[in-house]
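What follows is the residue order along each chain.
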Amino acid sequence: MPVPWEALIPFGLLTVMFGAAGTLLNTSKRLQNQGKGPRYNIDAWDEMMMDRDRRLTGHPRGQRSDPVAPDDFSTSSMWYTERTR
Amino acid sequence: MSLFHDPTAASTPYKDPTPLPDDIPKVNELGATSAPLKSASFFIGAHCKEFNEDFMLCKQESRDPAHCLKEGRRVTRCAADLINKLRENCFKEFEEHWNCLEYNNQEFYPCRKPERALNKCVFEKMGLTKTIPGTPEGKTPVHELTNPVFKRQQK
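Residues numbered from 1 in each chain as written. Chains lettered and ligands numbered in written order. Predicted model: local features only at pLDDT ≥ 70, side-chain atom pairs only at ≥ 80, totals over all residues. Heavy atoms only, no water.

Q: Is there a simple way to think about the overall build of chain A in this case?
A: Within chain A, the secondary structure is distributed over 2 helices and 0 strands. In terms of C-alpha radius of gyration, chain A reaches 23 Å, well past the compact-globule figure of 12 Å for 85 residues. Principal-axis analysis of the C-alpha atoms places the extent of chain A at approximately 80 × 35 × 15 Å. Taking all 85 residues of chain A together, 21% fall into the buried category. Put simply, of all contacts in chain A between residues at least 6 apart along the chain, 26% involve residues at least 24 apart. For chain A, the accessible area works out to roughly 6800 Å², and carbon and sulfur atoms hold 63% of it. Separation of charge centres in chain A, based on 11 positive and 10 negative side chains, amounts to 2 Å. (Helix = DSSP H or I, 4+ residues; strand = E, 2+ residues; numbered from the N terminus. Rg over C-alpha atoms; globule rule 2.2 N^0.38 Å. Buried < 20%, exposed > 50% of the residue type's maximum accessible area, 1.4 Å probe, protein only. Contact = heavy atoms within 4.5 Å. Areas by Shrake-Rupley, 256 points an atom, 1.4 Å probe, with all protein chains shown as cover. Lys, Arg positive; Asp, Glu negative; His and termini not counted. Charge placed at Lys NZ, Arg CZ, Asp CG, Glu CD.)

Q: What is the right way to read the state of the cysteines from this model?
A: What we call a disulfide is simply a covalent bond connecting the sulfur atoms of a pair of cysteines. Residue and element names in this part refer to chain B. By the definition in use, this model includes 4 disulfides over all chains. Residue Cys 58 pairs covalently with Cys 68 via a disulfide, S to S 2.2 Å. Because the torsion about its S-S bond is -100°, the bridge between Cys 58 and Cys 68 counts as left-handed. Taken together, the positions of Cys 58 in helix 3 (residues 49–61) and Cys 68 in the loop between helix 3 and helix 4 (69–103) put the pair 10 residues apart, joining distant regions of the chain. (Disulfide = S-S within 2.5 Å.)

Q: What should I look at first to understand the nonpolar core in this one?
A: When a protein is soluble and globular, its nonpolar side chains tend to lie buried together. Residues and elements named next belong to chain B. Ranked by size, the top nonpolar core spans 23 residues in total, and within it Leu 37, Leu 82, Leu 86, Leu 118 and Val 122 carry the most contacts. Looking at this core, the elements with two or more residues in it are helix 1 (34–39), helix 2 (41–47), helix 4 and helix 5 (112–126). If one sorts the elements of this core by residue count, helix 4 sits on top with 9 residues. Apart from residues no more than four positions distant in its own chain, Leu 86 is found in contact with Ala 40, Phe 91, Phe 94, Leu 118, Val 122 and Met 126. (Core = buried A, V, L, I, M, F, W, Y, C linked by side-chain atoms within 4.5 Å.)

Q: Looking at this structure, how should I read the interface of chain B and chain A?
A: By convention, interface size is frequently given as the accessible area that disappears when the constituent parts associate. The partner chain A presents 22 residues to the 25 residues of chain B that form the contact. Together chain B and chain A conceal approximately 2000 Å² of surface at their shared face, both sides included; 51% is due to carbon and sulfur atoms. Looking at the side of chain B facing chain A, the largest losses of area belong to Thr33(B), Glu102(B) and Asn105(B), adding up to 28% of the total buried there. Across the pair Arg87(B) and Asp66(A) runs a salt bridge, and its minimum N-O distance is 3.6 Å. At the surface where chain B touches chain A, the tally comes to 18 residue pairs in polar contact (both at pLDDT 80 or more). Elements that contribute at least two residues to the side of chain B that touches chain A include exactly helix 1 and helix 4 of chain B. Top element by residues in the side of chain B that touches chain A is helix 4 of chain B. It accounts for 9 residues. Grouping the amino acids of the side of chain B that touches chain A by side-chain chemistry returns 12 nonpolar, 8 polar and 5 charged. (Buried area = accessible area lost by both parts, 1.4 Å probe. Salt bridge = Lys/Arg side-chain N within 4 Å of Asp/Glu carboxyl O. Polar contact = N/O pair within 3.5 Å; in protein donor to acceptor, adjacent residues only side chain to side chain. Nonpolar A, V, L, I, M, F, W, Y, C, P; charged D, E, K, R; others polar.)

Q: So what exactly am I meant to see when it comes to helix 5 of chain B here?
A: One full turn of an α-helix is made of 3.6 residues, so residues set three or four places apart face in the same direction. Residues and elements named next belong to chain B. With 15 residues, helix 5 ought to run about 21 Å at 1.5 Å a step, and its terminal C-alpha atoms sit 20 Å apart, in line with that. Buried residues of helix 5: Arg 112, Pro 114, Glu 115, Leu 118, Asn 119, Cys 121, Val 122 and Met 126, and no others. Buried residues in helix 5 make contact with helix 1, helix 2 and helix 4. Positioned one or two residues after helix 5, Gly 127 has a phi angle of 75°, which is positive. (Expected span 1.5 Å × (residues − 1).)

Q: Which parts of the structure should I look at to understand helix 4 of chain B?
A: Residue and element names in this part refer to chain B. With 35 residues, helix 4 ought to run about 51 Å at 1.5 Å a step, yet its terminal C-alpha atoms sit only 36 Å apart, falling short of that. The axis of helix 4 is deflected most strongly, by about 110°, at Cys 90. Positioned one or two residues after helix 4, Asn 105 has a phi angle of 55°, which is positive. (Bend = angle between axes of the 7 residues up to and from the residue.)

Q: Got a minute to help me understand the packing of helix 4 of chain B against helix 5 of chain B in this structure?
A: Geometrically, a packed helix pair is captured by the angle between its two axes and the distance between the axes. Residue and element names in this part refer to chain B. Running from amino to carboxyl end, helix 4 crosses helix 5 at an angle of 170°, the nearest separation of the two axes being 8 Å. Compared by their axis directions, helix 4 and helix 5 come out roughly antiparallel. Residues Leu 82, Lys 85, Leu 86, Asn 89, Cys 90, Glu 93, Phe 94, Glu 96, His 97 and Cys 100 of helix 4 form the contact with helix 5, whose own contacting residues are Pro 114, Glu 115, Ala 117, Leu 118, Cys 121, Val 122, Lys 125 and Met 126. (Axes fitted to C-alpha atoms, helices over the stretch in contact; angles between N-to-C directions. Parallel < 35°, antiparallel > 145°, perpendicular 65-115°, else oblique.)

Spelled out as structure tokens, the structure:
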């Protein structure tokens, strides 16, 4: 008996389209975050720490565990340019 | 006329226009980023308790930056000393734990297994334990629970 396989084409199309879009989105997010998933629920503390990470390593998700900072770290803060009043 | 010169691409190094006076001792800033610091946070609390408390009490007196420079130098030196010791003694466990934190939004609950290994190594080699201040009396702290409610979905 002939099976109506043409009726399953839309299901296949939807699966492939959702899968491709989701994979593309995941890849894009991982490329932006150095291979890790993006940070979420970021509060002001986390933003401050990620800005510090950017000053230390060049990327907000970069990490290093050296006890001594590079020489230009002590003068690269935006504190110098902030208004105090 | 109005050309933007990117400061990161400058040919000469940046010269600080308002440096600290020479009679203030120079201390190198801590070069550890957020994940290693979060991983070492409880050990910094155990190792540097007096210096941290001194600094916080000093800041409570006055928020002027010049008021607490000495206590601040002590805090930086103590934390850098602890990070050095951690890297000397337990480098592998330390790196594994903060890498795990980085993959999990820097939250502690999915990384209990590497944390247990790090706590064991630090206790054996450096004598520091992680204590969570404010745990209710009689209850096990959350990092020692054997069957926690919040955990990784995959094993």
